[in-house]
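# Architecture and fold: a report
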Amino acid sequence: MDAVLYKAKVKAGKEAIAREWIDFLTANKEQGETTLKNEREHLEVYFMSKEAGISYIYMFVLADNLKYANQVAAKSENPLDKKHFKYMAKCIDGESAVQIAPELILGDLPVFNKK
């Protein structure tokens, strides 16, 4: 099981688009959860934060295999995925994005492997 936390700056002046993106994902939650199953992801959790006047999006991902999940998402023809990536391109500063690996994972992880 892979877990990662992504952190990326929201481009200056694009905070409303970032909010619209999160609202779009929220409005399409059921379809998004189906997409996650195709990617063998168990969780995507989004956070918005303002730190020292700069807006950030954090995304926590729990997947069977993060490399596989990213490959499937990148090749997806699903309209939801396409719009998701379009929003990201509009409002996320890709050069600022970092992956933060966990130092420790505690929890009832087998619950995510139940079929």
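Each value, and the rule that gives it
- Residues numbered from 1 in each chain as written.
- Predicted model: local features only at pLDDT ≥ 70, side-chain atom pairs only at ≥ 80, totals over all residues.
- Heavy atoms only, no water.
- Pairing = 2+ DSSP bridges.
- Helix = DSSP H or I, 4+ residues; strand = E, 2+ residues; numbered from the N terminus.
- Axes fitted to C-alpha atoms, helices over the stretch in contact; angles between N-to-C directions.
- Contact = heavy atoms within 4.5 Å.
- Patch = residues over 30% accessible without salt bridge, like charges linked within 9 Å, V, L, I, M, F, W, Y side chains within 5 Å.
- Areas by Shrake-Rupley, 256 points an atom, 1.4 Å probe, with all protein chains shown as cover.
- Salt bridge = Lys/Arg side-chain N within 4 Å of Asp/Glu carboxyl O.
- Lys, Arg positive; Asp, Glu negative; His and termini not counted.
- Charge placed at Lys NZ, Arg CZ, Asp CG, Glu CD.
- Buried < 20%, exposed > 50% of the residue type's maximum accessible area, 1.4 Å probe, protein only.
- Core = buried A, V, L, I, M, F, W, Y, C linked by side-chain atoms within 4.5 Å.
- 1 Å grid on protein atoms, 1.4 Å probe; cavity = no way out; pocket = protein on both sides within 12 Å on 5 of 7 lines; lining within 4 Å.
- Points joined across faces, edges and corners; volume = space filled by probe spheres on them.
- Polar contact = N/O pair within 3.5 Å; in protein donor to acceptor, adjacent residues only side chain to side chain.
- Arc of directions from axis to C-beta.

### A closer look at the sheet that holds strand S2 (residues 41-51)
Across the sheet, which stays open at both edges, the four strands sit in the order S2-S3-S1-S4 with antiparallel pairing between neighbours. Looking at strand neighbours, the two that pair on one side only are S2 and strand S4 (98-100), the edges of this open sheet. Neighbour-to-neighbour, the strand axes of this sheet turn through a mean angle of 20°, independent of strand direction. Inspection of the sheet shows strand S1 (residues 2-9) paired to strand S3 (residues 54-63) by eight bridges, in the antiparallel sense. Each bridged residue has a counterpart across the sheet, and for Asp2 the counterpart in S3 is Ala63. Where helix H3 (residues 66-75) meets the sheet, its contacts fall on S1, S2, S3 and S4, and the angle it forms with S1 comes to roughly 55°.

### Topic: a positive patch on the surface
Side chains of Lys11, Lys14, Lys83, Lys86 and Lys90 sit close together on the surface and give a patch of like positive charge. Take Lys83: its relative accessible area is 40%, and that puts it in the partly exposed class.

### Regarding the nonpolar core
Grouped together as the largest cluster of nonpolar side chains are 12 residues: Ala8, Val10, Ala18, Trp21, Ile22, Phe24, Leu25, Ile57, Leu80, Tyr87, Cys91 and Ile92. Going through the elements one at a time, helix H1 (15-27) and helix H4 (79-91) are the ones with two or more residues in this core. Among the elements that line this core, the one with the most residues is H1, at five residues. Excluding residues that lie within four positions of it along the chain, Ile92 makes contacts with Ala8, Lys9, Val10, Lys11, Trp21 and Ile57. Residues Val4, Tyr6, Val61 and Ala63 belong to the second largest nonpolar core, which totals seven residues.

### Overview of the layout of surface pockets
Remark: the empty space left among the atoms is shown by a probe the size of a water molecule rolled over them. Estimated volume of the largest pocket: approximately 1,100 Å³. The wall of the largest pocket is formed by 40 residues, among which Leu36, Glu41, Glu44, Tyr46 and Met59 lie closest to the centre. Those elements giving two or more residues to the lining of the largest pocket turn out to be S1, H1, helix H2 (29-38), S2, S3, H3 and H4.

### Here we look at the side chain of Ser96
Along the chain, the position of Ser96 falls in the loop between H4 and S4. Only 2.8 Å separates the side chain of Ser96 from the backbone nitrogen of Lys9, close enough to count as a polar contact. Every residue in contact with Ser96, bar those within four places of it in the chain, is listed here: Lys7, Ala8 and Lys9.

### Re the pairing of S1
Every other side chain in a regular strand lies on the same face of the sheet, so the side chains alternate between the two faces. As paired strands, S1 and S4 are joined by three bridges and run antiparallel to one another. The residue bridging Leu5 from the neighbouring strand is Ile100, located in S4.

### A closer look at H2
Because the α-helix completes a turn every 3.6 residues, residues three or four places apart line up on one side. Restricting attention to buried positions, one finds in H2 the residues Gly32, Thr35 and Leu36. Buried residues of H2, seen end-on, are gathered within an arc of 105° and therefore sit on one face of the element. Facing away from the buried side of H2 by over 90 degrees, the exposed positions are Glu30 and Lys37. Against S2 and H4 lie the buried residues of H2. After H2 finishes, the residue Arg40 shows a positive phi value of roughly 60°.

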